[in-house]
Amino acid sequence: MSRSRQPPLVTGISPNEGIPWTKVTIRGENLGTGPTDLIGLTICGHNCLLTAEWMSASKIVCRVGQAKNDKGDIIVTTKSGGKGTSTVSFKLLKPEKIGLLDQSAVWVDEMNYYDMRTDRNKGIPPLSLRPANPLGIEIEKSKFPQKDLEILFPGMSADFTSENFSAAWYLIENHSTTSFEQLKMAVTNLKRQANKKSEGSLAYVKGGLSTFFEAQDALSAIHQKLEADGTEKVEGSMTQKLENVLNRASNTADTLFQEVLGRKDKADSTRNALNVLQRFKFLFNLPLNIERNIQKGDYDVVINDYEKAKSLFGKTEVQVFKKYYAEVETRIEALRELLLAKLLETPSTLHDQKRYIRYLSDLHAPGDPAWQCIGAQHRWILQLMHSCKEGYIQDLKGTPVLHSPMLDLDNDTRPLVLGPLSQTASLKRGSSFQSGRDDTWRYKTPHRVAFVEKLTKLVLSQLPNFWKLWISYVNGSLFSETAEKSGQIERSKNVRQRQNDFKKMIQEVMQCLVKLIRGALLPLSIPECGVRQYGGWEVKSELSGQWLAHVIQTIRLTYESLTALEIPNDMLQTIQDLILDLRVRCVMVTLQHTAEEIKRLAEKEDWIIDNEGLTSLPYQFEQCIVHSLQSLKGVLECKPGEASVFQQPKTQEEVCQLSINIMQIFIYCLEQLSTKPDADVDTTHLSVDVSSPDLFGSIHEDFSLTSEQRLLIVLSNCCYLERHTFLNIAEHFEKHNFQGIEKITQVSMASLKELDQRLFENYIELKADPIVGSLEPGIYAGYFDWKDCLPPTGVRNYLKEALVNIIAVHAEARLEICALRDTVAVHLTPESKSSFKQALEALPQLSSGADKKLLEELLNKFKSSMHLQLTCFQAASSTMMKT
């Protein structure tokens, strides 16, 4: 359906209330194509078609009639569009009766007054000048209640201009006591009025045509006579006198009505002035109202008033209105500048930013305030990050700095308590991982760690709002509904153009975060050109593995929080690279720190042997490595999106070499312990072990270890390391996904075997020294020379002494093996009996009876002196029988 055929729609009426016969202007859409197209107009149920004047398709002027309802809709009906609808309503007020010459504070339209002399009402349509008494007889108001009449005539009206006019209601209301003759006279008057209305002005002319001709003839005769006499030019002639008479009559009439007419004209001008002030007081008061509302912060009210004034006076040609509207524009421009300054002010909440952007959008601010806000937030975040770094560096140097409130993101104070990282597992058998340093270091957060925590917290507090601001900018929720509809196409172009710019902003923030952390923790990874901007940490000591693990956990949580914002992964790749580098560095530092701890294990050797002939050193070594690997468990574990620490061959090689270095350092410690001078051995902490073999009997007396005893203990530890400890450590390495475990094991085993061989040779050399010492003096005694050699007379004594010493060593070994075999004889198994037999067969056999007797005597002496202790190894039944 075309636009001309759409139903009429009334969207406004001015004024929207008044007494009956108030002149109103109706505005709307599709109100007809012309006067003939308008076939119906009702206001509050009253037909106003007779008084309607069609001005245009959007404007109709009419007068409101006497309606039944106090408030109702305005319905327009046209031929082309049919019956329409209304979005506004009109309220009918009760009229006040004011005489023509009565003074009034408000102007009352003189509906029934028509000044023929001045033609003051000629602008009003004739239909609007209805007679107050259409019957032409005296009106006698009845006393019937209005409600009773409404009940008698439902849906009807006593208004003769209404389409629901009821003659009976009108007669009862106005002529209930009128006589029948007067009513007949009224009928005659109505017929006469109807005839006049049908004949019109032409009927008047036809009826008095002869009169007009007679008057014309009389005027012509008078004119001819005056010309013949020539008296029309003489002063005091009849025409001159007639003119003077008419002028005096006019002046007299004007004098009589001058006061009334002057007061009427003054009232008209006053009414017009008041009407203008009343009608346009909104515009006149708007500049002052704008200032007041701005001071109160009621920006919504200012924007609504501005939109209203712009729609009413934006294109006005009236100078007064132009002047006041220019004042309004001046104040609105100041408001735009104020809102833009508040929008770009930092820090600010996302709610306030959205609010100011909507205000500026509704005020049609030039440019793109939303994008300006995004740029300001980007610069603010970067400034915060650099200020955070500078504050911690100055604090590290001990230079007092002015407090920056922009960094007060929380109530955290420094130093911080690390929490779980401050607790270290105590190790059994001496707690080898404890160091001699002051333990207060565990509870003081290093400046660089505190800086990373504050920096990440700062980013997580600012970046989410920054990202949400961009999302709101993209989907248009930053703008009001009106601005969103009007600027949707233009904004979509801006989004496409600025999407890459925002991506660069996010990447710049991520790169700044990563570089600042690298400058603090990995300064060698920063190019020389960026050291001044991102570095500047003048620290000589490196963070421990525990602190690095804590930092890695902090950055991982930061990455997870940023991922939750649905930021694309390619923008966060730099953080993943940083986490990988920190994980690698943490592994390296932890292994290096472990190597340092291993070096100090030699100082903790207590030389107390257990039943297996071992000291606590192998266990402490294994626990030290296990503890280090456990501290790396979270670092080595790959979170979603993370790569393995050992993915780079270079890293694999370095970790493998550090692991080998740890093993070799411990092997070196063993070697140092085996060759340590007797005076350097700390035996003040040793306790007497009455169960030790006689080989270590000297310990009971003077708490000192001989070189022979140290060698045997270290050899025993080496054997245990080869069979158990190194294999266990290899399993732990494999459990934590270390690479090159086979190489670590092979190199470590080779070094350990090499040490074992050297120590064994040293022990043999130590045991052989007395024998060789006794042989050499005899061989070289008297500066032997073959020329002076006398015939041999027999074997000399030095050889006999050497043989006796060798026999003593073997005899000592046989004695000890036999003593051990007899002690545990009750508990021997076939396999253990075979082992004792093989050990005794490897020694030279006792051939003489004296040697056998000596061996038996020494065994009996041992059993007698150790009777109480040896009783523990006897069976329960045999013990009871002996008692």
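Residues numbered from 1 in each chain as written. Predicted model: local features only at pLDDT ≥ 70, side-chain atom pairs only at ≥ 80, totals over all residues. Heavy atoms only, no water.

1. Side note on the packing of helix H10 (residues 369-397) against helix H11 (residues 447-475)
Two measures define how a pair of helices packs: the angle their axes make with one another and the distance between the axes.
Reasoning step 1: The N-to-C vectors of H10 and H11 enclose an angle of 175°; their axes lie 10 Å apart at closest approach. It follows that H10 is roughly antiparallel to H11 by the angle criterion. (Axes fitted to C-alpha atoms, helices over the stretch in contact; angles between N-to-C directions. Helix = DSSP H or I, 4+ residues; strand = E, 2+ residues; numbered from the N terminus. Parallel < 35°, antiparallel > 145°, perpendicular 65-115°, else oblique.)

2. Comments concerning the confidence of the model for the protein
The predicted coordinates of low-pLDDT regions are not to be read in fine detail.
Reasoning step 1: Summarising the model, the protein shows a mean pLDDT of 76, and 76% of its residues fall at 70 or more.
Reasoning step 2: The low-confidence segment residues 401-406, where pLDDT is below 50, has six contacts with residues more than four positions distant or belonging to other chains.
Reasoning step 3: Throughout residues 877-883 the model reports pLDDT below 50, and contacts reaching past four residues in sequence, or to other chains, amount to two contacts. (pLDDT = per-residue confidence, 0-100. Contact = heavy atoms within 4.5 Å.)

3. Focus on the packing of helix H16 (residues 573-599) against helix H17 (residues 617-631)
Reasoning step 1: Running from N to C, H16 and H17 point in directions that differ by 160°, and their axes come no closer than 10 Å. Between H16 and H17, the angle falls in the class roughly antiparallel. Relative to H17, the crossing made by H16 is right-handed. From H16, Thr 590, Thr 594, Glu 597 and Ile 598 reach across to H17, where they touch Phe 621, Cys 624, Ser 628 and Ser 631.
Reasoning step 2: Each residue belonging to the contact of H16 with H17 can be placed in one class, and the counts come to three nonpolar, four polar and one charged. (Left-handed = near helix turned anticlockwise from the far one by under 90°. Nonpolar A, V, L, I, M, F, W, Y, C, P; charged D, E, K, R; others polar.)

4. A short note on the packing of aromatic side chains
Reasoning step 1: Scanning the model with the defined rule gives 17 aromatic pairs in all.
Reasoning step 2: Centroid distance Phe 153 to Trp 169: 5.9 Å. Interplanar angle 15°. Geometry classified as stacked. In this pair, Phe 153 sits in the loop between helix H1 (146-152) and helix H2 (167-174) while Trp 169 sits in helix H2, placing the two residues 16 residues apart along the sequence. Note on accessibility: Phe 153 and Trp 169 belong to one class, buried.
Reasoning step 3: Between Phe 621 and Phe 726 the ring centres are 6.2 Å apart and the planes differ by 55°, which places this aromatic pair in the tilted class. With a gap of 105 residues between them, Phe 621 in helix H17 and Phe 726 in helix H21 (residues 707-735) connect regions that are remote in the sequence. Of the two residues, Phe 621 and Phe 726, neither departs from the other in class, the shared state being buried.
Reasoning step 4: Chaining the aromatic ring pairs together yields one cluster made of Trp 371, Phe 466, Trp 467, Trp 470, Tyr 473 and Phe 502.
Reasoning step 5: The side chain of Lys 308 reaches across the aromatic face of Phe 282, ending 4.7 Å from its centre. (Phe/Tyr/Trp six-rings, centres within 6.5 Å; stacked < 30°, edge-to-face > 60°. Buried < 20%, exposed > 50% of the residue type's maximum accessible area, 1.4 Å probe, protein only. Lys NZ or Arg CZ within 6 Å of the ring centre and 35° of its normal.)

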